Amino acid sequence: MNSVTLPSNQVVLRSLLRADFTTQWRNRKSFILILIVPVIILISWKGLVDKFGGAFILGNCITVGLTAIGLMGYSNSIARDREKGIFQRLRVSPVAPGSIMVSRLCVQMAMILLMTTAVFFGGYYFDGITLSATSYFLGYLSAFVGGWLYLGLGQMVVGLIRNAETVHSTSRLIYFVFIMVGMFGELGVLGKQIGDLVKWSPYGSVNRILASSFKPGGWDQTSFLALGVTVGYALIFSALGIRWFRWNASK
Amino acid sequence: MDQPVLEVTGLTIRYGSFEAVKGVTFSVNAGEIFGLLGPNGAGKTSTLSAVEGLLLPAAGRIVVGGNDTIKHPRQARANMGVQLQATSFQPELTVREIIRLYAGIYGVNLSNENLQEILTSIKLKDDGAKRFGQLSGGQQQRVSLVIAMIHQPPLVLLDEPTTGLDPQSRRQLWERMEYLRGRGHGILLTTHSMEEAEAVCDRLAIIDHGQIVVTGTPAGLIESNRDRQEVIQASRRGKITLEDVFIGLTGQEIRS
């Protein structure tokens, strides 16, 4: 019997990507939910566009979408596949663990791209918000930076918690707290102290860099500070998430 | 039978201060079905996990198809096909998509005709578009085995492959194993079924408390242990079976 040679990383990654995108497409319910929630908020906040400005509204909606992708989509899919032993099956094959994660992250990046496009389209169609080409471009870039933060947060949740059900309920709770405190704190409904806290929270910092990207001329010191804070959060969450992560669900 | 496709030498596995596997040594030759038997918690799964590269041994050496699993883990894994105890593929994917995924992972170029031939060979010619979760237990096991074999590896690891299968499916799987043996593949099989071990294994090792208690052919083990007092006590119908030898050597108490 002859020795088997290793396949190229490119071929392996292509196979993983095809399977992961197909899986995402077949999970259309969660896929549509992630896209539709920010658009519904966009429609319901139509009356606030004049008061807060289109950039602020778009920033908030994209932040809500990014939170859903990181906490509801990514963390739950990883926890489920880990519990079902899908990762174990892949790990006994010659796939490098990095390739498995790169493929999963590519799917989430595509989701970020889709969700951001849906918000831009909804913003234009429902709320009449138009931006320059540069703003749209910078908006996509900021969405990816913000997405990194929330994917890192999702990674931290699956790193800390092994049980898929507990991951599911915890990520839902964090999502709810982030959205409620973040959105209403930013709007000033929860008082000045909470508002100040939210400003530098993962929600507030991502929202700020997004809003600043939509008005490139308005990038100021606070925007750069928010970018630094976002990258800092993203680095910490990802590093801890990767460090704590275990490929199998059993203790 | 010729050169070994798997060599395990002095394998030691620790979980904290607990030593689950203590200096285990065995080999599996090409064209041989080697059974690893043991009660629950004896060290079978830990040994198998170390061979699969899922566990890092505290000491010892594992070589698969000439590749050290620590120095060249990916190369070693490319030289083995694994059927895990619990079948574990994305439930959203169809049988065809799962086979394609693993063909890609092992670098096997699969044409539509090849894929159809594979499906026909496992009697799933018309079920390629079904999702994996829609298949019966026996069908899932057949898919799992065909994926383990898709790259024609020298070594095949089968972890309790017949658990939960009906007698027909079990017999079919045994025939499949014998077919693979005939084509020169070495098979490492773990099982709780003494009937299965006796029926298909060329050689087997009984492992208990992390150590190999005995190694030999099924008939040889029965013959060399038939006069032991513990084995005679374990015998239920006068005739000594492999199960009597197993219970005689590993004890009567139930393990967790």
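Quantities reported herein were computed from a predicted structural model and do not represent experimental measurements.

Thresholds applied
- Residues numbered from 1 in each chain as written.
- Chains lettered and ligands numbered in written order.
- Predicted model: local features only at pLDDT ≥ 70, side-chain atom pairs only at ≥ 80, totals over all residues.
- Heavy atoms only, no water.
- Contact = heavy atoms within 4.5 Å.
- Buried area = accessible area lost by both parts, 1.4 Å probe.
- Salt bridge = Lys/Arg side-chain N within 4 Å of Asp/Glu carboxyl O.
- Polar contact = N/O pair within 3.5 Å; in protein donor to acceptor, adjacent residues only side chain to side chain.
- Helix = DSSP H or I, 4+ residues; strand = E, 2+ residues; numbered from the N terminus.
- Nonpolar A, V, L, I, M, F, W, Y, C, P; charged D, E, K, R; others polar.
- Buried < 20%, exposed > 50% of the residue type's maximum accessible area, 1.4 Å probe, protein only.
- Axes fitted to C-alpha atoms, helices over the stretch in contact; angles between N-to-C directions.
- Parallel < 35°, antiparallel > 145°, perpendicular 65-115°, else oblique.
- Left-handed = near helix turned anticlockwise from the far one by under 90°.

Draft legend 1. Structural detail: the interface of chain A and chain B. On the side of chain B, 36 residues touch chain A, which itself brings 33 residues to the contact. Roughly 3,100 Å² is buried in total at the junction of chain A and chain B, and carbon and sulfur atoms are behind 58% of that figure. On inspection of chain A and its partner chain B, the count reaches two salt bridges. Of the charged contacts in the structure, one is a salt bridge between Arg80(A) and Glu92(B), with a shortest N-O distance of 2.4 Å. For the pair chain A and chain B, the interface holds 10 residue pairs in polar contact (both at pLDDT 80 or more). Contributing elements (two or more residues each) for the side of chain A that touches chain B: helix H1 (9–26), helix H4 (54–84) and helix H5 (86–91) of chain A. In terms of residues, the side of chain A that touches chain B owes the most to one element, H1(A), which gives 11 residues. Its residues assigned to classes, the side of chain A that touches chain B comprises 14 nonpolar, 11 polar and eight charged.

Draft legend 2. Region of interest: the pattern of salt bridges. Enumeration over the complete set of coordinates arrives at 13 salt bridges over all chains. With its nearest N and O atoms 3.0 Å apart, the salt bridge here joins Arg14(B) to Glu19(B). Residue class for Glu19(B) comes out partly exposed when judged on its relative accessible area of 26%. Ionic pairing is found between Arg203(B) and Glu32(B), a salt bridge with its closest N-O pair at 2.5 Å. One end of the pair, Arg203(B), is in strand E9 (residues 203–208); the other, Glu32(B), is in the loop between strand E2 (18–29) and strand E3 (33–37), with 171 residues separating them in the sequence. The partly exposed category is assigned to Arg203(B), whose relative accessible area is 23%. Overlapping salt bridges bring together Asp20(A), Arg80(A), Asp81(A), Arg104(A) and Glu92(B) as one network.

Draft legend 3. Looking closely at the packing of H1(A) against helix H3 (residues 95–105) of chain B. At a closest axis distance of 7 Å, the pairing of H1(A) and H3(B) adopts a crossing angle of 155°. With respect to H3(B), the axis of H1(A) lies roughly antiparallel. For the crossing formed where H1(A) meets H3(B), the hand is left-handed. Here Val11(A), Val12(A), Ser15(A), Leu16(A), Arg18(A), Ala19(A), Thr22(A) and Arg26(A) of H1(A) lie close against H3(B), whose contacting residues are Glu97(B), Arg100(B), Leu101(B), Gly104(B) and Ile105(B). Partitioned by chemical class, the residues of the contact of H1(A) with H3(B) number six nonpolar, three polar and four charged.

Keep in mind these values describe shape, not function.
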